[in-house]
Amino acid sequence: MSGRTNRVTAAVVALGVLAIAAVAQAAEVRVISAGAVRSIVTELAKAYEQETGNTVVLTFGTVGVVRQKLTSDPADVVIMSDTALDDTIAKGGVASGSRTDIARTGMGVGVRDGAPKPDISSADALKKTLLDAKSIVYVDPAQGATSGIHFASVLQKLGIADAVKPKTTLVPGGYPAELVARGEVELVVHQISEIIPVKGVTLVGPLPKELQKTTVYAAGVTVASALPPASRAFVAFLARPDFKPKLAAAGLDYKE
């Protein structure tokens, strides 16, 4: 009887050791990402955790904020616009050869659910819509936001930057469409992937082709990563072909 008890005890101990080893082997992948891919990266990170047992710690911000955080915050993976990532690779912050393109999005206009959809089918139509709008919101270009910088240039190109300034709200980042959902602002101009996730807001459509900016978002493993294998595995997970439908639904497979 004692022999059997010893065997059971040994088995329990062995299982405990395996459990401890599994916990010890679990990795914590730290990710700093541009906000344009926030919805899909958050969803896929949860799926990655379930599949691997690793954990993913996510931080989001504008591309400008991401660049800044990379100089001070520990990170294993960075996700931002392809041009910004290439620049970071060139400066030695991200491992050469680790760039992996994940998604692409364009810029669009959103209004509150149930509101009439304004005409944005051409540059002239968009100009009239912006001039007629009671209020507009977009991300502050000073924050290094891809969408904010581009839309500011669109306003200059249309010659209405000064005219719309008094009725414009600038936000530091996040989802400016939330102000539209709450009825605080009439119209939002932002990347499509950051309009679609906001409940209570309807995407009117993309900016006219001649004023459009398509941005590719790519991921890379930082040179300072303490967990290169797990980091590379997470990047590869994000780029799986079977996630394409999810990307499209999130406005991250933009095609003109």
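The structure under discussion appears in the preceding block.
Reading the values: the criteria
- Residues numbered from 1 in each chain as written.
- Predicted model: local features only at pLDDT ≥ 70, side-chain atom pairs only at ≥ 80, totals over all residues.
- Heavy atoms only, no water.
- Buried < 20%, exposed > 50% of the residue type's maximum accessible area, 1.4 Å probe, protein only.
- Helix = DSSP H or I, 4+ residues; strand = E, 2+ residues; numbered from the N terminus.
- Arc of directions from axis to C-beta.
- Contact = heavy atoms within 4.5 Å.
- Pairing = 2+ DSSP bridges.
- Axes fitted to C-alpha atoms, helices over the stretch in contact; angles between N-to-C directions.
- Salt bridge = Lys/Arg side-chain N within 4 Å of Asp/Glu carboxyl O.
- Phe/Tyr/Trp six-rings, centres within 6.5 Å; stacked < 30°, edge-to-face > 60°.
- Lys NZ or Arg CZ within 6 Å of the ring centre and 35° of its normal.
- Core = buried A, V, L, I, M, F, W, Y, C linked by side-chain atoms within 4.5 Å.
- Expected span 1.5 Å × (residues − 1).

Our focus in this paragraph is helix H4 (residues 82-90). For H4, the full list of buried residues reads Asp82, Ala84, Leu85, Thr88 and Ile89. Across the axial projection of H4, the buried residues extend over an arc of 160°, all falling on one side. Counted as exposed and oriented over 90 degrees from the buried face of H4: Thr83 and Ala90. Buried residues belonging to H4 abut helix H3 (63-70), strand S3 (77-81) and strand S10 (215-221). One or two positions beyond H4, positive phi appears at glycine 92, with a value near 90°.

Reading across the sheet, the five strands line up as S7-S6-S8-S5-S9 and stay open at both edges, with mixed pairing between neighbours. Where the open sheet ends on each side, the last strands, each with one partner, are strand S7 (168-171) and strand S9 (201-206). This sheet shows a mean twist of 30° between the axes of neighbouring strands, independent of strand direction. Looking at chain direction, strand S5 (residues 107-112) and strand S8 (residues 187-191) are connected through five bridges and run antiparallel. The residue bridging methionine 107 from the neighbouring strand is glutamine 191, located in S8. Of the strands in this sheet, S5, strand S6 (136-139) and S8 are in contact with helix H6 (residues 146-158), which crosses S6 at around 130°.

In this section: the pattern of salt bridges. Applying the stated rule across the entire model yields twelve salt bridges. In this structure, lysine 91 and aspartate 87 form a salt bridge, with 3.2 Å as the shortest nitrogen-oxygen distance. Overall, aspartate 87 belongs to the partly exposed group, its relative accessible area being 25%. Among the ionic contacts, a cluster of salt bridges with common partners joins Asp82, Asp86, Arg99 and Asp101.

A separate point is the pairing of S6. Burial of S6 is two-sided: the residues Ile136 and Tyr138 facing one way and the residues Val137 and Val139 facing the other way are all buried. Where S6 and S7 come together, four bridges link them in parallel fashion. By the bridge assignment, tyrosine 138 is partnered in S7 with leucine 170.

The next thing to look at is the sheet that holds S3. Pairing within the open sheet is mixed, and its five strands lie in the order S2-S1-S3-S10-S4. Looking at strand neighbours, the two that pair on one side only are strand S2 (55-61) and strand S4 (100-105), the edges of this open sheet. The sheet shows a mean angle of 20° between the axes of neighbouring strands, taken without regard to direction. Taken strand by strand, H4 contacts S3 and S10, and its axis lies near 130° from that of S3.

Okay, the packing of aromatic side chains next. Applying the stated criterion across every chain yields a total of four aromatic pairs. Ring centres of tyrosine 48 and phenylalanine 234 lie 5.0 Å apart, and the angle between their planes is 70°; this geometry places the pair in the edge-to-face category. Highlighted residues: tyrosine 48 in helix H2 (residues 38-52) and phenylalanine 234 in helix H9 (residues 228-238), separated in sequence by 186 residues. With relative accessibility at 1%, the residue tyrosine 48 sits in the buried group. Through successive ring pairs, a cluster of aromatic residues spans Tyr48, Phe234, Phe237 and Phe243. In this structure, arginine 38 is placed above the aromatic ring of tyrosine 175, and the distance from its NZ or CZ to the ring centre is 5.0 Å.

With that settled, the discussion passes to the nonpolar core. One finds Val37, Val77, Ile79, Met80 and Phe234 to be the most contacted residues of the largest nonpolar core, which totals 39 residues. Apart from the residues within four sequence positions on either side, isoleucine 79 is in contact with Val31, Ile32, Ser33, Ala34, Val37, Val41, Val66, Ile102, Ala218, Ala219 and Leu238. By size, the runner-up hydrophobic cluster in this structure holds 22 residues, among which are Met107, Ile136, Ala161 and Val164.

All right, on to the environment of leucine 130 then. Structurally, the position occupied by leucine 130 is in helix H5 (residues 123-132). The buried category is assigned to leucine 130, whose relative accessible area is 0%. In the structure, leucine 130 is positioned 126 residues away from glutamate 256 in sequence and 22 Å away in space, judged by C-alpha atoms. Aside from chain neighbours lying at most four places away, what touches leucine 130 is Ile136, Phe151, Leu155, Leu158, Ile160, Val164, Lys167, Leu187 and Val189.

This part takes up H2. Taking 1.5 Å as the rise per residue, H2 with 15 residues should run 21 Å; its terminal C-alpha atoms sit 21 Å apart, in good agreement. Here H2 has its buried residues at Ile40, Val41, Leu44, Ala45 and Tyr48. Burial along H2 is one-sided: seen end-on, the buried residues are contained in an arc of 130°. Along H2, exposed side chains directed more than 90 degrees from the buried face belong to Lys46 and Gln50. Buried residues belonging to H2 abut strand S1 (28-34), S2, S3, H9 and helix H10 (244-249).

Such coordinate-based values are descriptive only and should not be taken to indicate function.
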